[in-house]
Amino acid sequence: QVQLVESGGGLVQPGGSLRLSCAASTSIFRVNTMGWYRQAPGKEREMVAAIERGGSTSYADSVLGRFTISRDNAKNTVNLQMNSLKPEDTAVYYCNTKPFLRIYWGRGTLVTVSS
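Owing to the predicted nature of the structure, the values given are computational and were not obtained by experimental measurement.

**Student:** Give a detailed account of the overall build of the chain, specifying residues and quantitative values.
**Tutor:** Helix and strand counts for the chain stand at 1 helix and 10 strands. Secondary structure elements of the chain occur, N-terminal to C-terminal, as β-β-β-α-β-β-β-β-β-β-β. In summary, the chain has a C-alpha radius of gyration of 13 Å against a globular reference of 13 Å for 115 residues, a match within 12%. Expressed as a percentage of the 115 residues in the chain, the buried residues total 40%. Considering only residue pairs separated by 6 or more positions, the chain has 54% of its internal contacts joining residues 24 or more positions apart. As presented, the chain carries roughly 6300 Å² of accessible surface, and 48% of it is formed by carbon and sulfur atoms. The distance from the centre of the 13 positive side-chain charges to the centre of the 8 negative ones in the chain is 6 Å.

Below is the structure:
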């Protein structure tokens, strides 16, 4: 049963922007801090940003000032606005709870930053 679905990835040039979106089932979204994670080729998955139910946010140092996480509690969605993208941001991006649960990992959405 698919409960988290990511979308919005694609190919973008360095310096460009993308907006990712994650649709979550109500049972997951309502009670949890939500996070965006990414996994680059050959690297471990890492947390990029997180947002609590009340709206408090946290970010990895590598994306601070460039990425913005937000959530729409009415639509059960969590978004990631990514600006000033760099080639090192290339990865598959996933949403999950924070802390994550293995059963919630979805297919992710691929972001490729390249000229």
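Having seen it, we continue.
**Student:** Quick rundown of unusual backbone geometry? Include the residues and the values.
**Tutor:** A cis amide bond links Lys98 with the next residue in sequence, Pro99, at an omega value of 0°. Checked against the element boundaries, Pro99 lands in the loop between strand S9 (91–97) and strand S10 (109–113). A positive phi angle is found at Asn76, which is not glycine, with a value near 55°. Looking at the secondary structure, you find Asn76 in the loop between strand S7 (67–72) and strand S8 (77–82). The backbone of Ser84 sits at a positive phi, close to 50°, despite the residue not being glycine. With respect to the helices and strands, the residue Ser84 is situated in the loop between S8 and S9. With relative accessibility at 41%, the residue Ser84 sits in the partly exposed group.

Criteria and thresholds
Residues numbered from 1 in each chain as written. Predicted model: local features only at pLDDT ≥ 70, side-chain atom pairs only at ≥ 80, totals over all residues. Heavy atoms only, no water. Helix = DSSP H or I, 4+ residues; strand = E, 2+ residues; numbered from the N terminus. Rg over C-alpha atoms; globule rule 2.2 N^0.38 Å. Buried < 20%, exposed > 50% of the residue type's maximum accessible area, 1.4 Å probe, protein only. Contact = heavy atoms within 4.5 Å. Areas by Shrake-Rupley, 256 points an atom, 1.4 Å probe, with all protein chains shown as cover. Lys, Arg positive; Asp, Glu negative; His and termini not counted. Charge placed at Lys NZ, Arg CZ, Asp CG, Glu CD.

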